[in-house]
Amino acid sequence: MNSAEHVHHASPHSSGSETSDERFERGLALLRTVGGQEHPAVLDSLADIAPDLGHMTVAFGYGDVLSRPGLTLRERQIATVGALAAMGNAAPQLRFHIDGALNVGVSPAEVVEILIHTAVYAGFPAALNGIGAAREVFERRPDVTATPVDSEPLPGDRYERGLAKLAEVDGHAGDQVVASMRDIAPDLTRYIVEFAFGDVYSRPGLDLKSRELASVAMCTALGTAAPQLRVHINGLLNVGGSREEVVEVITQMAGYAGFPAALNGIAAAREVFEERGDEGRRV
Amino acid sequence: MNSAEHVHHASPHSSGSETSDERFERGLALLRTVGGQEHPAVLDSLADIAPDLGHMTVAFGYGDVLSRPGLTLRERQIATVGALAAMGNAAPQLRFHIDGALNVGVSPAEVVEILIHTAVYAGFPAALNGIGAAREVFERRPDVTATPVDSEPLPGDRYERGLAKLAEVDGHAGDQVVASMRDIAPDLTRYIVEFAFGDVYSRPGLDLKSRELASVAMCTALGTAAPQLRVHINGLLNVGGSREEVVEVITQMAGYAGFPAALNGIAAAREVFEERGDEGRRV
Amino acid sequence: MNSAEHVHHASPHSSGSETSDERFERGLALLRTVGGQEHPAVLDSLADIAPDLGHMTVAFGYGDVLSRPGLTLRERQIATVGALAAMGNAAPQLRFHIDGALNVGVSPAEVVEILIHTAVYAGFPAALNGIGAAREVFERRPDVTATPVDSEPLPGDRYERGLAKLAEVDGHAGDQVVASMRDIAPDLTRYIVEFAFGDVYSRPGLDLKSRELASVAMCTALGTAAPQLRVHINGLLNVGGSREEVVEVITQMAGYAGFPAALNGIAAAREVFEERGDEGRRV
């Protein structure tokens, strides 16, 4: 953890004057921290036919993006695990980043929480396959005892609990979501309140800011959830996130879901920032 | 089948006063019917690290959503198989729900038809990999003889046949689709008429309402087909579906593709319902 | 190659008067060329339960779409490999079409370039898994020696090089992209210039028109990149592509990502064509 934090804060906003070697070396140090390997497998595995892609992964993905200040490595891995699980089409990378999350201070129980959280944004298949990936990673690590993450029953009524949590995340926008859906799909609205907010968001195993970082990462990476992305950019700001953090997590998705996903996420952030004006402004 | 129907119609629109145990028990009974297993594997497989996710899958996915009236279990499985095949990123769940479809009265030939239908909305790779999943399921079941689904050549001209089918599904909107595309991509328009409607939709192995249920499910789950989702919400209403059924199939997608997909689907349904006014209103 | 070119240019814009047998025979000849197999596996593998889907794959996918004039087979395989790698959910088809690309004149080094290009539009996981698929294909072919595609360091400053390449692709629209992003995410803008255009687009191993064909194919198939699709339709026109080629590559995606993807792509093309008026018009 100490070395991770050190690498993390050493990251500059590099300019064109920096050499590729410097970017690569900074990235390699960070990749060693995240991957827990002295010789990162991604470089070896690409050496035969695409060594340049390995270089880019390290220099751009780790040296440029993951080295940035603005989010801790722990927060970045929470976002990445959530996004890859939601996308559901990159199993090897999901396993790597679950392992990486454990290496930078995310607990096994928190990994499980992130994957349960995925059910809300990408459905149960994504969550179930994410848990399958986590199991594989946990079994390979002698330091992880697979203790069931079996929370106590949450207190009170699901709907009331969900409504309170929705208000905490969305402010008055939550009421609008509920109100706007009552006309033709009242039960879907009820499920959002009861299941998404009453069951999942109310679970104690992951703090609310981490949940909203994961939500913004998932909605950005999926690219099919524009209205929900705006809701949760607001949500992240409402639960203590800064505008800088919103921009950081969306920027990070360029490496995992491509530049179009990140660009469209930034466009959504711009809309939200403009709507909010100076409210909650910290950047 | 009898027990499935029984469970199905027993489903309440639950309120917050219902306990989680009641939801779980109702869901478990339904999951046993769909999965054909006394001890559902999804619970066992999650017991080690994420038993709560297993509980949610049963209580929310089966106890809340799949237990709802408004669609038969057969219709729900047709929608789920179509959606998972179209998404193409959840192979274990696709196999489970193909098996489940067979358990609630979908024939093997109909499963094959749904998967062929997928080619229209998600391309041939999705259809081909869906057939691969079906083969695995069929081979494991002693009650399924893998008879080739090899229809007789359809009568008449492909284009004329497709145009007639398009009119049956889309009404005058079909003409507009064809007309609007003639300017820069006339051949793509022709393929829609000839291939999508003349070859696929005209096949006798699956009734038109089931095809439109699958189309709405696929377009909702993909999240990238907003204009086509509106066309096929209209299509489902045109071929005998009700507004309640439209809302049901979209709501069901919350569990398989996440809440954003379902919410955006409902927004599309609202637009269509408003445009149609009282036409074909049954809900 | 000669037979491929022959088949290619023999393709008619078929009308309803053509029989399914004629479409199938034309498709089969083309599939033999692309797949390099006298007895295409796709037919054998579907014979047990879904022979009609095999027939459609050949008659529609190869007989109707891939047989069309307007793009060479080489260009079509570049587009398909890019799209399937970007989608990330069709590994067997990605391997088949990488093999097919090699069969119609794409070099192994160019395959690697297309897959590296994927990182820009769909993220590093898509690129890395694409390289994994290429490795499997390369290893099975005695005619491919897996020479690392390890380019010399590109000359000059990454940012300056990227800006020049962006201007080449996007014209003045590139400046607008850069300018519009400076407000809240200046670093993401910098990454697009430095990484996407300075590192990837500037690589010498794949010509710029092929890159833009792949970009249009990827953005169409993903269905989540509407603004970027418009940028790269313009880009393809700017680097020597014709309007016919734009329509062709988008139409081709109907078979790989479904009709909604193709239809929405054509709608984007219509917007771009209208904006450009007669500028660069060749169709």
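In this text the structure is predicted, and so the values were computed from the model without any measurement.

Parameters and conventions
Residues numbered from 1 in each chain as written. Chains lettered and ligands numbered in written order. Predicted model: local features only at pLDDT ≥ 70, side-chain atom pairs only at ≥ 80, totals over all residues. Heavy atoms only, no water. Helix = DSSP H or I, 4+ residues; strand = E, 2+ residues; numbered from the N terminus. Rg over C-alpha atoms; globule rule 2.2 N^0.38 Å. Buried < 20%, exposed > 50% of the residue type's maximum accessible area, 1.4 Å probe, protein only. Contact = heavy atoms within 4.5 Å. Areas by Shrake-Rupley, 256 points an atom, 1.4 Å probe, with all protein chains shown as cover. Lys, Arg positive; Asp, Glu negative; His and termini not counted. Charge placed at Lys NZ, Arg CZ, Asp CG, Glu CD. Buried area = accessible area lost by both parts, 1.4 Å probe. Salt bridge = Lys/Arg side-chain N within 4 Å of Asp/Glu carboxyl O. Polar contact = N/O pair within 3.5 Å; in protein donor to acceptor, adjacent residues only side chain to side chain. Nonpolar A, V, L, I, M, F, W, Y, C, P; charged D, E, K, R; others polar. Domains from an automatic or database assignment. Axes fitted to C-alpha atoms, helices over the stretch in contact; angles between N-to-C directions. Parallel < 35°, antiparallel > 145°, perpendicular 65-115°, else oblique. Left-handed = near helix turned anticlockwise from the far one by under 90°. UniProt positions renumbered as here; feature names shortened; annotations may be inferred. Phe/Tyr/Trp six-rings, centres within 6.5 Å; stacked < 30°, edge-to-face > 60°.

## Structural notes on the overall build of chain A
Alright, step 1. Regarding its fold elements, chain A presents 15 helices and zero strands.
Alright, step 2. Relative to its length of 283 residues, chain A is compact, with a C-alpha radius of gyration of 19 Å against a globular reference of 19 Å.
Alright, step 3. Dimensions of chain A along its principal axes, counting C-alpha atoms only, are 55 × 45 × 35 Å.
Alright, step 4. Counting only residues that meet the buried cut, chain A has 63% of its 283 residues in that class.
Alright, step 5. Contacts in chain A between residues far apart in sequence, at least 24 positions, make up 74% of those at least 6 positions apart.
Alright, step 6. Of the roughly 9600 Å² of accessible surface on chain A, a fraction of 54% belongs to carbon and sulfur atoms.
Alright, step 7. A gap of 2 Å separates the mean positions of the 24 positive and 38 negative side-chain charges of chain A.

## A few points about the interface of chain C and chain A
Alright, step 1. The partner chain A presents 47 residues to the 46 residues of chain C that form the contact.
Alright, step 2. In total, about 3900 Å² of surface goes out of reach between chain C and chain A, with carbon and sulfur atoms giving 62% of it.
Alright, step 3. It is F124(C), I184(C) and Y191(C) in chain C that bury the most area against chain A; as a group they hold 17% of the surface buried on that side.
Alright, step 4. Here chain C and chain A share four salt bridges between them.
Alright, step 5. Where R68(A) meets D187(C), a salt bridge forms, and the shortest distance between an N and an O atom there is 2.6 Å.
Alright, step 6. Here chain C and chain A share 12 residue pairs in polar contact (both at pLDDT 80 or more) between them.
Alright, step 7. Elements with a contribution of two residues or more to the side of chain C that touches chain A: α7 (108-122), α8 (124-140), α10 (172-181), α11 (186-201) and α13 (226-238) of chain C.
Alright, step 8. With 10 residues, the single largest contributor to the side of chain C that touches chain A is α11(C).
Alright, step 9. Broken down by class, the residue content of the side of chain C that touches chain A amounts to 28 nonpolar, eight polar and 10 charged.

## Some points on the domain arrangement of chain A
A common way to report how large an interface is uses the accessible area buried once the components associate.
Residue and element names in this part refer to chain A.
Alright, step 1. In terms of domains, chain A is made up of domain 1 (2-140) and domain 2 (152-202).
Alright, step 2. On a C-alpha basis, the centres of domain 1 and domain 2 stand 32 Å from each other.
Alright, step 3. The partner domain 2 presents four residues to the five residues of domain 1 that form the contact.
Alright, step 4. Both faces considered, domain 1 and domain 2 share a buried interface measuring about 420 Å² in area, 78% of it formed by carbon and sulfur atoms.
Alright, step 5. Taken together, domain 1 and domain 2 are joined by zero salt bridges.
Alright, step 6. Viewed at the interface, domain 2 and domain 1 are joined by one residue pair in polar contact (both at pLDDT 80 or more).
Alright, step 7. Residue contributions to the side of domain 1 that touches domain 2 peak at four residues, all from helix α7 (residues 108-122).
Alright, step 8. Classifying every residue of the side of domain 1 that touches domain 2 gives four nonpolar, one polar and no charged.

## With respect to the packing of helix α12 (residues 208-222) of chain C against α13(C)
Residues and elements named next belong to chain C.
Alright, step 1. Put simply, α12 and α13 touch, their axes get as near as 9 Å, and they point 155 degrees apart. Regarding the angle of α12 to α13, the classification is roughly antiparallel. Crossing angle aside, the handedness with which α12 passes α13 is left-handed. Within the contact between the two elements, α12 uses K209, E212, L213, S215, V216, C219 and T220 and α13 uses Q228, L229, H232, I233, G235 and L236.
Alright, step 2. When the residues that make up the contact of α12 with α13 are grouped by side-chain class, the tally is six nonpolar, five polar and two charged.

## A few points about the UniProt feature "domain: Carboxymuconolactone decarboxylase-like" (unreviewed entry) in chain A
Alright, step 1. Under the present numbering, the feature "domain: Carboxymuconolactone decarboxylase-like" (unreviewed entry) in UniProt falls on residues 51-136 and 186-271 of chain A.
Alright, step 2. Within residues 51-136 of chain A, the helical portion is 84% and the strand portion 0%, while the C-alpha atoms at the span's ends are 28 Å from each other.

## Some remarks on the pattern of salt bridges
Alright, step 1. For the structure on display, the rule yields 72 salt bridges over all chains.
Alright, step 2. The closest approach of N and O atoms between R203(A) and D52(B), which form a salt bridge, is 2.7 Å. In this pair, R203(A) sits in the loop between α11 (186-201) and α12 (208-222) while D52(B) sits in helix α4 (residues 51-66), so the two residues belong to two different chains.
Alright, step 3. Residue classification places R203(A) among the buried positions, given a relative accessible area of 4%.

## Details of the packing of aromatic side chains
Alright, step 1. The final tally for this structure, using the stated rule, is 21 aromatic pairs over all chains.
Alright, step 2. Between F60(A) and F195(C), the aromatic rings sit 4.1 Å apart at their centres with planes inclined by 10 degrees, giving stacked as the arrangement. Taken together, the positions of F60(A) in helix α4 (residues 51-66) and F195(C) in helix α11 put the pair across two chains.
Alright, step 3. A residue is classified by how much of its surface remains accessible, and F195(C), at 0% relative accessible area, is buried.
Alright, step 4. Among the aromatic residues, those joined into a cluster by ring pairs are F60(A), F259(A), F124(C), Y191(C) and F195(C).

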